[in-house]
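Summary of structural features
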Amino acid sequence: MSVGNGYLGTRGSLEGQAPASDAATLVAGVYDRISEESIEELAVVPDWVYTQVYAFEEKLATAPVSILRQVRTLDFKKGLFFREWRHRGRNNRVTSVRFLRFASLADPHALVERITIMPENYRGSISVETGLRICRDCMPGLEITGKLVHPNRNGLTVEARTRFTGITIVETQKSRVVPGFISAEHGSRVNDFDIVEDWSWIGDAGQIVTIEKFISIFTSRDGNNPLQAAHRHLRRLEGRGFNGLLRDHVAAWEERWRTAAITVAGDEEAQHSLNFAAYHLISAGNPGDGRVSVSARSLTGSIYKGHIFWDAEMYILPFFIYTHPPTARAMLMYRYHTLAGARRNAAAKGYRGALFAWESTGSGADMTPAAVLDPKGEIVPVLSGKLEHHIDAAVAYATWSYWNATGDDGFLLQAGAELMVETARFWESRVTQKGGVYHIDGVEGPDEYHDEDVNDNFYTNCAAACNLRRSARVIEYLKENHPIELARLQERIDLHMSEPDQWHRIAAGIYRDMETDSLIEQFAGYFSLEDIDIREFEPRSAPIDVVLGHKRTVASQVVKQADAVLALYLLEEEFTPEVIRQSFAYYDRRTAHGSSLSPSIYGLVAARLGLMEAAMRYFRLASRIDMTGGNAAGGIHVAALGGLWQQVIMGFAGVRIKREGISLFPHMPEKWQRLGFSLLWRKLRLEVEVENGRHVTVAVAGKGECSLGIHGRPLQAMAAGRKYVSLWSGETWEEFTPWQK
Ligand code: IFM
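Everything numeric here is computed off the predicted structure, so don't read it as measured data.

Criteria and thresholds
Residues numbered from 1 in each chain as written. Predicted model: local features only at pLDDT ≥ 70, side-chain atom pairs only at ≥ 80, totals over all residues. Heavy atoms only, no water. Helix = DSSP H or I, 4+ residues; strand = E, 2+ residues; numbered from the N terminus. Rg over C-alpha atoms; globule rule 2.2 N^0.38 Å. Buried < 20%, exposed > 50% of the residue type's maximum accessible area, 1.4 Å probe, protein only. Areas by Shrake-Rupley, 256 points an atom, 1.4 Å probe, with all protein chains shown as cover. Lys, Arg positive; Asp, Glu negative; His and termini not counted. Charge placed at Lys NZ, Arg CZ, Asp CG, Glu CD. Pairing = 2+ DSSP bridges. Near = heavy atom within 4 Å. Polar contact = N/O pair within 3.5 Å; in protein donor to acceptor, adjacent residues only side chain to side chain. Nonpolar A, V, L, I, M, F, W, Y, C, P; charged D, E, K, R; others polar. 1 Å grid on protein atoms, 1.4 Å probe; cavity = no way out; pocket = protein on both sides within 12 Å on 5 of 7 lines; lining within 4 Å. Points joined across faces, edges and corners; volume = space filled by probe spheres on them.

Further remarks concern the overall build of the chain. The helix and strand inventory of the chain stands at 18 helices and 31 strands. Over its C-alpha trace the chain gives a radius of gyration of 27 Å, about what one expects of a compact globule, namely 27 Å for 741 residues. With the C-alpha coordinates of the chain rotated into their principal frame, the extents come out at 85 × 65 × 60 Å. Scored against the burial criterion, the 741 residues of the chain give a buried share of 59%. When the accessible surface of the chain is split by element, carbon and sulfur atoms take 50% of a total near 28900 Å². Taken as two groups, the 82 positive and 91 negative side-chain charges of the chain have centres that lie 6 Å from each other.

Below, the structure is given as structure tokens:
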């Protein structure tokens, strides 16, 4: 139920103080610490939706006895949160209260709330206090100190400051009553933890009064005078008015949905989940700030403390690359801005180049906790921060994918090439050579159940090889197309032209267990571990590693999440269909999906293999992670939502992206009659429609042409302004031909 615009997110909490409602607004990049030594986490900034209604001086509380009706609605398409509440108070007085809130997508600093009140069966005094409230107990220990400035012509102001990171957050508010002829009294107060405007009037039965509230928020991350910026901005918001701000916001959402929408005919639940996914993905990204990225629970909750993982590059970025490239670019610029920290991380471990933080905040320093408590209360050391080096390959993978899809050479020259070079240098120094073969020892792959003494993790080795190859290709590209800029880059980062050759050599010689030719071994020695049938433990109420205990899990073949199977998806062209089929079947039986990142990838590979029952089962599993509760109170699983998008586009529609162009290979669930989506590719927009078992059409809009293929056929040139169709013959998808009505 959160609303957000990538700059900030506000949880779907109730407006008044309610014991079961955790009000929180999180601003991307505003991190703080509990103590000097502790790791950074997102701070909760003052609550801007705080509102308390009184009827005859009785505080309307959200206690079960008094609630006649309570409905909260989130409009995915317009980014609006509504709450409808009928309250029965003393002497059977019924008051109807409605709220509407949004965090503007058109203007990330603009927050708007509308409160509508109607006494249903009485005449009497109504009063409302609405303001900005500093949260003292919502994150124990992480208190931000606030200065509540007495209301003046600039409205109410809270100027808060994070304790250790020293970030200033300014929120300002003004509200007004409509219709204007209502004679309402207005005042304002500064309390211990909040600053509020008071409105009171005599309400008549059936009479509707509305309070419109505008809030402006700026931090010292946005400029050196957030106070002035907020006051100026608030005046603009007032001038634009509620309807104007609403119109701008809705238009911005409409614009984003034009490329983000996936339509599914024949499966309402799937449609709903995909809308939910697109809503939260759009709300999470900020194209306007290259110093923040999307954290594991975006801006919707405090689990994982707002840290940025590989989730951003491998799971979330693809959605933005193909539906909103400016956001993808900003997320990659975030990595670029943490490059200095990543270089320090690599150097501290004795490696060259850069090693990105497994859990990252603003500086690029690693924020992974050293240990956590498991559900049994045992202290479990967390080794991911030390060992999940595949994060580097994720950054390189996303950099390459963005550049390949957009042709944004400007980005490559500004930041991308440097990211590619420094990650390749890391791998070059990370491998060890034995008998002409390169090994990567002592890592943790994506499967976090195996975090001790893992050598030659198949995923990590493949991803590192891919990173090295692509980094070399980027330098070759620059040599041919931008020699002057390449010379400057060489000087800046001391790049020798012998380095790319060495990267090619290592990539070709990296150890990959393919000897059996049919089954991939997840890491060296994996097949000799205890083989446990996880189905024997179903149904489970705890994760399998808790059921088995850490020691037994580590010594078993039970897999936490897509690891070897992720390689089958990302690097598909490197494997024979038989290797993919057999390896998928093997790991499918041994994977516990202990991470929300897992089901969508299994579903995607299953769809590509034509295993539609499994594909659909995984699709539902992935799409219900937040819809059915679980631990969603800690924030939505935004990587799982990005994975869901990938499952549909790369799995069911079978999109494969290459340097030369795009190919499709639809394998749709029987129930799905039609699937429609858009892809942005270079300067074009492709509108794809798959009519299950009948035809695929692609309408090409924009400038130029692109190469498109279907069902493994050679790519065909397609021109902008035209539409093409491929017919299903019963056995295969036919070549594309121009569409004739
Ligand atoms: O990045 C993931 C990791 O792969 C599994 N544990 C949770 C992290 C954050 O989502």
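Following the structure, the description resumes.
On to the sheet that holds strand β4 (residues 41-45), then. Read across the open sheet, the four strands follow the order β1-β2-β3-β4; overall the sheet is antiparallel. Pairing within the sheet leaves two strands with one partner each, and these edge strands are β1 (3-4) and β4. Pairing between strand β2 (residues 8-10) and strand β3 (residues 25-32): three bridges, direction antiparallel. Within β3, the position partnered with T10 by the bridge is T25.

Our focus in this paragraph is the site of the ligand. For the ligand, the full set of nearby residues is A296, Y304, F309, W310, D311, W358, E448, K560, Q561, S595 and L597. Interatomic distance of 3.0 Å between a side-chain N/O atom of W310 and an oxygen atom of the ligand. Contacts to the ligand include E448, whose side-chain N or O atom sits 3.2 Å from a nitrogen atom. Protein chains bury 93% of the 280 Å² of accessible surface belonging to the ligand in isolation. Within the shell around the ligand, the residues separate by chemical class into six nonpolar, two polar and three charged.

A few words on the pairing of strand β15 (residues 185-190). Relative to strand β16 (residues 194-203), β15 runs antiparallel, the two being bridged by six bridges. From the neighbouring strand, G187 faces β16, where its bridge partner is D198.

Its volume calculated, the second largest pocket comes out at about 1000 Å³. Taken together, 46 residues line the second largest pocket, and the ones lying closest to its centre are L570, E573, R656, I657 and K658. For the lining of the second largest pocket, a count of residues per class yields 24 nonpolar, eight polar and 14 charged.

As paired strands, strand β27 (residues 695-702) and strand β30 (residues 723-727) are joined by five bridges and run antiparallel to one another. From the neighbouring strand, T697 faces β30, where its bridge partner is V725. Relative to strand β31 (residues 737-738), β30 runs antiparallel, the two sharing two bridges. Across the sheet, V725 pairs through a bridge with T737, a residue of β31.

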